[in-house]
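Observations on the model geometry
Residue strings, one per chain:
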Amino acid sequence: MSGRKRTLTPEDVLLAYRHGIFPMADERSGEVLWFRPDPRAIIPLDGFRVSRSLARTLRRGLFEIHLNTDFEGVMRGCADRPEGTWISERFIEVYGALHRAGKAHSVEAWREGRLVGGVYGLALGGAFMAESMFHRETDASKVALAALVGRLRERRFVLLDVQYVTPHLESLGAVEITRREYERRLEEALGLPCRFA
């Protein structure tokens, strides 16, 4: 389904994710493209890696963690990249609607009253599809991701999808699995009665 044009509605997004497909906007044209990569990247919830420096940051408690207090702010933080972004205004509208419907969530790192990092994504059954993360202070996004992993473990989720491996995600424990294995795990996860919030 990679590259096929479709509309972007909340219903389309939910249906796509249930079939292992996710959207991204073309940075130049704004056209919505849909992807189903093989291999697929996940972070095993028992395999999240905390480096020594991140462990120190977590112990120091530099950031306050909040859930769902500024979902749009997290999306806009993720979109604010000098190299450009696939997060268009339409994405912010659609995922905002999913957030209001209780399907999309943000985990946020705050410091001195300012949003300085976060991660957002969709929760379906026992699966969480992490879309993007950002930071304005060192380690803020990693602290938010660590809080997300903790939340998913606590709520008995079984799948954390991160779409593609990057060196940054690999350092945190991301691995690649085949599309077939991903879809098997997704089907199992969708049948679970987990609640993120």
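Described below are features of the structure shown in this document. Note that the structure is a prediction, hence the values are computed from the model and not measured.

The rules behind each value
Residues numbered from 1 in each chain as written. Predicted model: local features only at pLDDT ≥ 70, side-chain atom pairs only at ≥ 80, totals over all residues. Heavy atoms only, no water. Patch = residues over 30% accessible without salt bridge, like charges linked within 9 Å, V, L, I, M, F, W, Y side chains within 5 Å. Areas by Shrake-Rupley, 256 points an atom, 1.4 Å probe, with all protein chains shown as cover. Salt bridge = Lys/Arg side-chain N within 4 Å of Asp/Glu carboxyl O. Lys, Arg positive; Asp, Glu negative; His and termini not counted. Charge placed at Lys NZ, Arg CZ, Asp CG, Glu CD. Helix = DSSP H or I, 4+ residues; strand = E, 2+ residues; numbered from the N terminus. Buried < 20%, exposed > 50% of the residue type's maximum accessible area, 1.4 Å probe, protein only. Pairing = 2+ DSSP bridges. Axes fitted to C-alpha atoms, helices over the stretch in contact; angles between N-to-C directions. Contact = heavy atoms within 4.5 Å.

So, on to a positive patch on the surface. On the surface, Arg52, Arg56, Arg59 and Arg60 cluster together to form a positively charged patch. Tracing the backbone through its elements, the reader meets arginine 59 in helix H2 (residues 52-60). Exposure remark for arginine 59: the relative accessible area of 63% places this residue in the exposed category.

Moving on, we get to the sheet that holds strand S8 (residues 159-163). Reading across the sheet, the 7 strands line up as S4-S5-S6-S7-S8-S3-S9 and stay open at both edges, with mixed pairing between neighbours. Unpaired on one side and paired on the other, strand S4 (64-67) and strand S9 (175-177) mark the two borders of the sheet. Across the sheet, the mean angle separating the axes of adjacent strands is 35° when strand polarity is ignored. Where strand S7 (residues 127-135) and S8 come together, 3 bridges link them in parallel fashion. Among the inter-strand pairings, methionine 129 is bridged to a residue of S8, identified as aspartate 161. Sitting on the sheet, helix H3 (residues 71-79) is in contact with strand S5 (104-111), strand S6 (114-124) and S7, with an inclination near 100° to S6.

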